[in-house]
Amino acid sequence: MNHPWSIWLLPDREDRMKYKKIIDRLSLENGSRPFEPHVTLFGRVNVDPEPLFEFFGHEASVQGRLTSNIRKITRGTPPWRSLYVEVDRDIHLGAFQKRMTGPLEHVREYRFDPHLSLAYGDVRNAKYAIKDISLDVTIGFSSVALAYVPDEIDDWNLIKEFKFDFD
């Protein structure tokens, strides 16, 4: 497989539904494409992911639910940093990211800046004002996924998801 893929940290069911609702509404209002809520742990890899499935499966199986604090909603530079939620890079999230991306250190350097995008593209004229978006103080994560991420958001899809082991 010679297509770009990324490692995504996925919110737990409850948070995934909340963020998906915000993303869908913003996408509709801005004429952009909806996508799955995620925090990218490592992006745009062009090596075959299949040999890493066992590694990711094992790491997820020994990981409990992760929780991070939400800092704020921020507007950034379009198209990929248009509107996003800053996620606190605490010691647990930083250590998890480092552990999960260890096998990819040889691919290239990657600067981990945890955030969860709410909209891509040009959102300057968004009707949905930041002050209208209500967020919790924390966000929970329950799985990691390898996601195929070509340039067109419509073509994004999960290659494989690995759920954390917790009750």
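Anything mentioned here points back to the structure above.
Since we're looking at a predicted model, the values are computed, not measured.

Student: Account for the overall build of the protein, with residues named and values stated.
Tutor: Looking only at helices and strands, one finds three helices and seven strands in the protein. Reading the protein from its N terminus to its C terminus gives the helix and strand order β-α-β-α-β-β-α-β-β-β. Computed over the C-alpha atoms, the radius of gyration of the protein is 15 Å, within 12% of the 15 Å expected from 2.2 N^0.38 for a compact globule of 167 residues. Projected onto the principal axes, the alpha-carbon positions of the protein cover approximately 45 × 35 × 25 Å. Every one of the 167 residues in the protein was classed for burial, and the buried ones make up 47%. A separation of at least 24 residues holds for 77% of the contacts in the protein among residues at least 6 apart in sequence. Carbon and sulfur atoms form 48% of the exposed surface of the protein, whose accessible area is close to 9,100 Å². When the 23 basic and 26 acidic side-chain charges of the protein are each reduced to a single mean position, those positions are 6 Å apart.

Student: Give a description of the nonpolar core that names residues and reports values.
Tutor: Residues Ile 7, Leu 9, Leu 41, Leu 118 and Val 144 are the most contacted members of the largest nonpolar core, which totals 44 residues. Broken down by element, this core gets its largest block of residues, six residues, from strand S6 (residues 138–148).

Student: Break down the pattern of salt bridges for me, with residues and values.
Tutor: Within this structure, the stated rule accounts for 13 salt bridges. Notably, a salt bridge pairs Asp 136 with Lys 18, separated by 2.2 Å at the nearest N-O pair. A residue pair is termed long-range when its members are at least 10 positions apart, and Asp 136 in the loop between strand S5 (115–119) and S6 and Lys 18 in helix H1 (residues 13–30) qualify at 118 residues. We note a salt bridge from Lys 20 to Asp 24, for which the minimum N-O separation is 3.0 Å. Placement of the pair is Lys 20 and Asp 24 together in helix H1, with a separation of four residues, close to one helical turn. The partly exposed category is assigned to Lys 20, whose relative accessible area is 21%. Connected via shared salt-bridge partners are Glu 14, Asp 15, Lys 18 and Asp 136.

Student: Give a detailed account of unusual backbone geometry, specifying residues and quantitative values.
Tutor: One non-glycine residue, Arg 44, lies in positive phi territory at about 55°. Structurally, the position occupied by Arg 44 is in strand S2 (residues 39–45).

Student: Quick rundown of the packing of aromatic side chains? Include the residues and the values.
Tutor: Under the defined criterion, the tally for this structure stands at nine aromatic pairs. A centroid spacing of 4.5 Å and a plane angle of 35° characterise the contact between Phe 35 and Tyr 120, whose relative ring orientation is tilted. Of this pair, Phe 35 sits in the loop between H1 and S2 while Tyr 120 sits in the loop between S5 and S6, placing them 85 residues apart in sequence. Each member of the pair, Phe 35 as well as Tyr 120, is classed as buried. Between Phe 55 and Phe 56, the aromatic rings sit 5.4 Å apart at their centres with planes inclined by 70°, giving edge-to-face as the arrangement. The exposure class of Phe 55 is partly exposed, given its relative accessible area of 25%. Through pairs of rings, three or more aromatic residues link up here, namely Trp 8, Phe 35, Tyr 120 and Trp 156.

Conventions and cut-offs
- Residues numbered from 1 in each chain as written.
- Predicted model: local features only at pLDDT ≥ 70, side-chain atom pairs only at ≥ 80, totals over all residues.
- Heavy atoms only, no water.
- Helix = DSSP H or I, 4+ residues; strand = E, 2+ residues; numbered from the N terminus.
- Rg over C-alpha atoms; globule rule 2.2 N^0.38 Å.
- Buried < 20%, exposed > 50% of the residue type's maximum accessible area, 1.4 Å probe, protein only.
- Contact = heavy atoms within 4.5 Å.
- Areas by Shrake-Rupley, 256 points an atom, 1.4 Å probe, with all protein chains shown as cover.
- Lys, Arg positive; Asp, Glu negative; His and termini not counted.
- Charge placed at Lys NZ, Arg CZ, Asp CG, Glu CD.
- Core = buried A, V, L, I, M, F, W, Y, C linked by side-chain atoms within 4.5 Å.
- Salt bridge = Lys/Arg side-chain N within 4 Å of Asp/Glu carboxyl O.
- Phe/Tyr/Trp six-rings, centres within 6.5 Å; stacked < 30°, edge-to-face > 60°.

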